[in-house]
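What follows is each chain in one-letter form.
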Amino acid sequence: MTNQFIIYRDVEEQQLLDDMIYLMEESNETALAYSVVNRLVNLAEINGFKGNLWHCFLAYIIATHENAFSMSCEIRGKVEGSINDVVLNDFHIMRKLFDYDFDKLDKKLGLDIFKVITGYQCFGEGGRAFNKRIRNDILELSEKLSNTASDDEFLDETAAFYKKYGVGRFGLHKAFRIENTDGKAQIVPILNIEHVYLDDLIGYELQKKKLIDNTEAFINGKKANNCLLFGDSGTGKSSSIKAILHKYYGQGLRMIEVYKHQFKDLSSVISQIKNRNYKFIIYMDDLSFEEFEIEYKYLKAIIEGGLEIKPENVLIYATSNRRHLIREKFSDKEESLDELHKSDTVQEKLSLAARFGVTIYFGKPDKKEFAAIVLALAKRHGIIMPEDELLLEANKWELSHGGISGRTAEQFITYLMGKE
């Protein structure tokens, strides 16, 4: 039966699908039956599936398979054209698989094991492969598809899912990192993401507005700039970018974290995402270079200067404690017999920062602003203490813990919460 699929071919766990259909259609191999149930149960525990595992498995295939239909529907929803006629062939087969009666299979094989997979209760509330939200989205799709009354309704439900959530790794996950395997850059989902919101960052309203305005232009298909957030440590630069991801994820924003040593893989990463219907921010935290580090040359070429234009669905957001990113010395500006064109060296070091069209400064708060941050965080976390005593203790804390910053204030409040 799987050889009759046109669009949904070469799916993840293809062998499991083939083996199950083989059992349904013609096989009497009890050993294969036990093997299939084993693999479905393992898949359930990895992904946090429950209920009808067969339905969950089929929904999982549909949710994760990147093909001509699913990638056309992501973000835009149901599309017109012959692709719908082609995919209806596959969905007609899928509906038969959803409707299969496993009691018949148990009777045919003389077993009593398939009833386990039609009402399975998983251990715990989530799996290792997805977070709870994504797991629930797949379970909801499973239920909706199992209740469809026609192939057309099955198509509509599937297209609606792709429009709402997307497809595959980019549809089901918010953030990603790069792993280099056998010389090839792989974009891998990050499963556990710190949930940060812009309201969590107290103060810095002008900075947040500048970042929001640029990101919204990007999301809405308008011209937008690469962003460099620079300034004192602990002022919320990284938190602001993480919060941007959570704010605009529902509008198709995704984020890929890239480290300095991975810049040589940037061309490969961009080639993998440039034709997807998502907006990607390539995120570089704590970006700076010493004189002997040359990785910045890869970054310069990607941002502006290479023959291939950076795709319109890709921006670069970086944070740094340095405004000019590459370490400078007074000797760079002094005349030297060893180097004829000293000004060229200076321009080389400044040219990387100049490629970020939007630069946002996050400065260290003053005493009054620090006090406001402490009071706001204390109220948010239910810390009950006289205001004078709270601020006195906060001032003592910052003197021995890195000075005045939003991060120091947050660490102080965490310390108080740990004492309760």
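Our structure's up above, just so we're on the same page.
Report follows, based on the coordinates. What you are looking at is a predicted structure, and each value in this text was computed from that prediction instead of being measured.

**Regarding the overall build of the chain**
Helix and strand content of the chain: 17 helices and seven strands. Per-residue burial for the chain yields a buried fraction of 50% across its 420 residues. The contacts in the chain between residues at least 6 apart in sequence include a share of 77% that link residues at least 24 apart. Of the accessible surface of the chain, which amounts to about 21,400 Å², a share of 50% is contributed by carbon and sulfur atoms.

**Here we look at the environment of Ala-175**
Relative to the assigned elements, Ala-175 resides in strand S1 (residues 175-181). Using a relative accessible area of 8% as the deciding quantity, one classes Ala-175 as buried. Once residues within four sequence positions are removed from consideration, Ala-175 is found in contact with Val-188, Pro-189, Ile-190, Ile-193, Leu-245 and Met-255.

**Observations regarding the packing of helix H15 (residues 367-380) against helix H17 (residues 406-419)**
Between H15 and H17, the shortest axis-to-axis distance is 9 Å and the interhelical angle comes to 35°. Of the two possible hands of crossing, H15 and H17 adopt the one that is right-handed. Of the residues in H17, those touching H15 at Phe-370, Ile-373, Val-374, Leu-377 and Ala-378 are Gly-406, Ala-409, Glu-410, Phe-412 and Ile-413. Taken together, the residues of the contact of H15 with H17 sort by class into eight nonpolar, one polar and one charged.

**Details of the environment of Ala-44**
Note on placement: Ala-44 falls in helix H2 (residues 30-47). Along the primary structure Ala-44 and Phe-57 are separated by 13 residues, whereas in three dimensions their C-alpha atoms are 8.4 Å apart. Residues contacting Ala-44, with those up to four places away along its chain left out, are Phe-49, Leu-53 and Tyr-120.

**Quick word on the packing of helix H1 (residues 14-25) against helix H3 (residues 53-64)**
The contact between H1 and H3 brings their axes to 12 Å, and the two run at 135°. Between H1 and H3, the angle falls in the class oblique. For H1 against H3, the interelement crossing comes out left-handed. Seen from H1, the contacting residues are Leu-16, Leu-17, Met-20 and Met-24; seen from H3, they are Trp-54, Phe-57, Leu-58 and Ile-61. Class assignment of the residues belonging to the contact of H1 with H3 gives a composition of eight nonpolar, no polar and no charged.

**Quick look at helix H11 (residues 237-248)**
Between its terminal C-alpha atoms H11 stretches 17 Å, which fits the 16 Å expected from 12 residues at 1.5 Å a residue. Among the 12 residues in H11, nine count as buried, and that is most of the element. Of the residues making up H11, those classed as buried are Lys-237, Ser-238, Ser-240, Ile-241, Ala-243, Ile-244, Leu-245, His-246 and Tyr-248.

**Section: the side chain of Ser-405**
Looking at the secondary structure, you find Ser-405 in the loop between helix H16 (387-400) and H17. Looking at Ser-405, its side chain comes within polar contact range of the side chain of Thr-408, at 2.9 Å. Apart from residues no more than four positions distant in its own chain, Ser-405 is found in contact with Ser-233, Gly-234, Pro-365 and Phe-370.

**Quick word on H1**
Because an α-helix packs 3.6 residues into every turn, residues spaced three or four apart end up facing the same way. Over its 12 residues, H1 runs 17 Å from end to end, which matches the ideal 16 Å to within 8%, given 1.5 Å per residue. Within the span of H1, buried status applies to Gln-14, Leu-16, Leu-17, Asp-19, Met-20, Ile-21, Leu-23 and Met-24. Where H1 is buried, its residues touch H2, H3, helix H5 (82-98) and helix H6 (102-109).

**Quick word on the nonpolar core**
With 60 residues, the main nonpolar core has Tyr-8, Phe-69 and Phe-114 as its most contacted residues. Elements represented by at least two residues in this core include exactly H1, H2, H3, helix H4 (68-73), H5, H6, helix H7 (132-146) and helix H8 (151-165). No other element matches the 10 residues that H3 contributes to this core. The contact partners of Phe-69, leaving out residues within four places of it in the chain, are Ile-7, Tyr-8, Ile-83, Asn-84, Val-87, Phe-91, Leu-155, Thr-158, Ala-159 and Tyr-162.

About the cut-offs
For every chain, the first residue of the written sequence is number 1, and numbering continues from 1 onward in sequence order. Owing to the predicted nature of the model, reporting of local features is limited to residues with pLDDT of at least 70; listing and counting of side-chain atom pairs is limited to 80 or more, with chain, interface and lining totals taken over all residues. Where side-chain values are given, they derive from all heavy atoms of the structure, hydrogens and water being excluded. In this text, helices come from DSSP runs of H or I with a minimum length of four residues, and strands from runs of E with a minimum of two, each type numbered from the N-terminal end. Exposure classes here rest on a 1.4 Å probe applied to the protein chains alone. A residue is buried below 20% of its type maximum, exposed above 50%, and partly exposed in between. Residue contacts are counted whenever heavy atoms from the two residues lie within 4.5 Å of one another. Methods summary: accessible areas were calculated by the Shrake-Rupley approach with a probe of 1.4 Å, and residue burial reflects only the protein chains presented. Here the axes come from fitting lines to C-alpha atoms, over the contacting stretch only for helices, and the angles between their N-to-C directions go from 0 to 180 degrees. We call a crossing left-handed when the near helix sits turned anticlockwise from the far one by less than a right angle, and right-handed when that turn is clockwise. Three classes are used: nonpolar for Ala, Val, Leu, Ile, Met, Phe, Trp, Tyr, Cys and Pro, charged for Asp, Glu, Lys and Arg, and polar for all others, with Gly counted as polar. The cut-offs work like this: below 35 degrees is roughly parallel, past 145 is roughly antiparallel, 65 to 115 is roughly perpendicular, and the gaps in between are oblique. The span expected for a helix works out to 1.5 Å for each residue beyond the first. The term polar contact refers here to a pair of N or O atoms within 3.5 Å; inside protein, the definition further demands a hydrogen-donor-capable atom paired with an acceptor-capable atom, and it admits residues adjacent in sequence only when both atoms are side-chain atoms. Only buried residues count toward a nonpolar core, which is a set of Ala, Val, Leu, Ile, Met, Phe, Trp, Tyr and Cys residues joined through side-chain atoms within 4.5 Å.

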